[in-house]
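# Structure assessment
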Amino acid sequence: MMTDNGKSGQKRSKAGCGTETAEATGKVWRKRLLPLLVCLAFVPAPFALAANGGGQDNVPNAGDYGNDTPSGNTVTIDSDVKNDVIGGYASTGAADNNRITMTGGAVGHTVYGGIVDGNGTATGNSVTMSGGTIDTSFNGAYVNNGVVSGNSATVTGSAQVGWNVNGAYVTNGNASGNSATVTGGATVEGYVYGGYTGNGTVSGNSVTVSDSTVGYVMGGYASTGTAENNRVKVTNSDVTGSGGSDPSYVAGGYTYYQGTGTVRNNQVEITGSTVDNVYGGWAHNGIASGNSVIMTDGTAKEVFGANVHDSGSATGNSVTVAGDA
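Worth saying up front: this structure is predicted, and the values here are computed from it rather than measured.

The subject of this paragraph is the overall build of the protein. A count of helices and strands for the protein gives one helix and 28 strands. Counting across all 325 residues of the protein, residues that qualify as buried make up 50%. Counting only contacts in the protein whose residues sit at least 6 apart along the sequence, the fraction spanning at least 24 positions is 77%. For the protein, the accessible surface area stands at approximately 12,400 Å², while carbon and sulfur atoms represent 49% of it.

Right, let's get into the side chain of serine 223. Locating serine 223 in the fold gives a position in strand β19 (residues 213–228). Contacts of serine 223, omitting those with residues within four sequence positions, involve Tyr196, Thr197, Gly198, Thr255, Tyr256 and Tyr257.

Counted under the stated rule, the structure contains 14 aromatic pairs. Here the aromatic rings of tyrosine 221 and tyrosine 254 are separated by 5.8 Å at their centres, their planes lie at 20 degrees, and the arrangement is stacked. Of this pair, tyrosine 221 sits in strand β19 while tyrosine 254 is found in strand β22 (residues 249–264), placing the two residues 33 residues apart along the sequence. Under the relative-accessibility criterion, tyrosine 221 is labelled buried at 9%. Their ring planes at 5 degrees and their centres at 4.5 Å tell us that tyrosine 254 and tryptophan 282 sit as a pair that is stacked. Separated by 28 residues along the polypeptide, tyrosine 254 in strand β22 and tryptophan 282 in strand β25 (residues 277–289) bring together distant segments of the chain.

We now examine the confidence of the model for the protein. Averaged over all residues, the pLDDT of the protein equals 81, while 77% of them reach at least 70. A low-confidence stretch, residues 1–50 stays under pLDDT 50, and its non-local contacts, those more than four residues away or across chains, total 114 contacts. Within the model, pLDDT remains below 50 along residues 52–64, and this stretch shows 61 contacts once partners closer than five positions in the same chain are excluded.

Along the chain, threonine 224 falls in strand β19. Threonine 224 gets classed as partly exposed once you look at its relative accessible area, which sits at 27%. Sequence-wise, threonine 224 and glycine 200 are 24 residues apart; in three dimensions their C-alpha atoms are separated by 6.5 Å. Contacts of threonine 224, omitting those with residues within four sequence positions, involve Gly198, Asn199, Gly200 and Tyr257.

Let us look at the pairing of strand β26 (residues 292–296). Two elements, strand β23 (residues 267–271) and β26, share five bridges in a ladder whose sense is parallel. Residue pairing for β26: glutamine 267 is matched across the bridge by serine 292.

Here the focus is the nonpolar core. The biggest cluster of nonpolar side chains holds 36 residues, and the ones touching the most others in it are Val111, Phe138, Val155, Val165 and Val250. Sequence-distant contacts of valine 111, that is, excluding residues within four places in its chain, are made with Ile77, Val85, Ile100, Val127, Ile134, Ser137, Phe138 and Asn139. Core analysis: the second largest hydrophobic core is formed by 18 residues, Val116, Ala122, Ala141 and Val143 among them.

Next up on the list: the pattern of salt bridges. Per the stated rule, a full pass over the model turns up two salt bridges. The salt bridge partner of arginine 264 is glutamate 228, with a shortest N-O separation of 2.6 Å. Taken together, the residues arginine 264 in strand β22 and glutamate 228 in strand β19 connect sequence positions 36 residues apart. Judged by its relative accessible area of 34%, arginine 264 falls in the partly exposed class. Between aspartate 276 and lysine 301 there is a salt bridge, with its nearest N and O atoms 3.7 Å apart. Of the two residues, aspartate 276 sits in the loop between β24 (274–275) and β25 while lysine 301 sits in the loop between β26 and β27 (302–315), which places them 25 residues apart along the sequence. For aspartate 276, a relative accessible area of 7% translates into the label buried. Residue classification places lysine 301 among the exposed positions, given a relative accessible area of 61%.

This part is about the pairing of strand β6 (residues 99–102). Side chains Ile100 and Met102 of β6 all project onto a buried face; the interleaved residues Arg99 and Thr101 project onto a face where none is buried. As judged from the four bridges shared by strand β3 (residues 74–77) and β6, these two strands associate in the parallel manner. Residue isoleucine 77 lies in a different strand from β6, and its bridge partner there is methionine 102. One ladder, built from four bridges, connects β6 with strand β9 (residues 126–129); its direction is parallel. For isoleucine 100, the partnering residue across the bridge sits in β9 and is valine 127.

Turning to the environment of serine 149, a few remarks are in order. Mapped onto the elements of the fold, serine 149 is located in strand β11 (residues 138–149). Look at serine 149 and you get buried, because its relative accessible area is 17%. Residues serine 149 and glycine 195 lie 46 residues apart in sequence; the distance between their C-alpha atoms is 8.8 Å. Residues in contact with serine 149, not counting those within four places in the same chain, are Ala122, Thr123, Gly124, Ser176 and Asn178.

The rules behind the values
- Residues numbered from 1 in each chain as written.
- Predicted model: local features only at pLDDT ≥ 70, side-chain atom pairs only at ≥ 80, totals over all residues.
- Heavy atoms only, no water.
- Helix = DSSP H or I, 4+ residues; strand = E, 2+ residues; numbered from the N terminus.
- Buried < 20%, exposed > 50% of the residue type's maximum accessible area, 1.4 Å probe, protein only.
- Contact = heavy atoms within 4.5 Å.
- Areas by Shrake-Rupley, 256 points an atom, 1.4 Å probe, with all protein chains shown as cover.
- Phe/Tyr/Trp six-rings, centres within 6.5 Å; stacked < 30°, edge-to-face > 60°.
- pLDDT = per-residue confidence, 0-100.
- Pairing = 2+ DSSP bridges.
- Core = buried A, V, L, I, M, F, W, Y, C linked by side-chain atoms within 4.5 Å.
- Salt bridge = Lys/Arg side-chain N within 4 Å of Asp/Glu carboxyl O.

Here you go:
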């Protein structure tokens with residue numbers, strides 16, 4: 001099941017058209033049958049939907065599903081939604097190529113481009129946020145058991161996220177080729193993950209942070225398993241956590257729990273930024289090899305090509321410091 005929230009209610013009705021909109025307060029849109037039939041005759045499938053600005057019949061207080069179909073939906077957010085917004089949902093199977101665009105308002109909980117709550121895959125979903133606030137997390141995709149690949153999450157401008165930004169994450173399985181981007185003055189109070197798995201392999205994911213403020217950065221995170229070939233680039237930004245006693249960090253690849261893990265061939269580039277600790281790769285127990293950090297200008301407390309916290313080996317890792325770093 002999803003790790004940071006429960007789903008909000010039942011799947012909701014398909015898109016409609018008309019002169020009045022359904023507000024996020026849950027008021028029912030007043031239907032006019034003839035205009036509706038005329039409108040639907042000219043709307044191609046899949047429907048373009050608005051989570052709370054119009055085009056959806058009876059948007060619930062708890063949030064909004066993009067459509068009864070799990071793939072190919074487009075959802076916009078331009079005012080307040082009390083709970084979750086989900087582009088496309090499947091209990092099993094595939095949730096692919098859903099799009100969410102947020103330009104304003106406040107989401108009271110979490111945004112997902114696509115969800116598969118059981119076994120399946122999520123590919124090609126994207127979420128983009130250029131304004132407004134999200135109380136918890138902003139996610140390209142989530143799968144309980146399976147694969148997340150090629151999904152993205154982008155936060156720009158004045159947008160603020162109160163917890164995490166995830167290109168994609170999976171509870172059990174593999175996360176590959178996902179990306180997270182925070183740029184243009186945006187703020188993320190928690191973590192920015194390119195790809196995340198609770199148990200599996202996280203590979204080829206990327207994070208780009210520029211001219212922004214974030215708490216922590218991980219290109220690829222595996223609670224248990226392997227993190228390899230992930231990339232992080234931080235430019236002209238502040239990555240110093242939420243002000244607590246524990247230091248913040250930037251990591252290319254990271255495996256956490258005490259079982260043996262592998263972090264290899266991950267890379268971090270820091271330019272003109274203020275950070276706490278930096279790791280090309282980090283493992284609690286296991287193998288860290290071929291990871292690298294390149295730091296040009298900016299400041300850091302500690303920089304490691306790789307760190308094995310408890311037991312294992314660290315070989316072939318590197319740190320390059322240049323400019324006024």
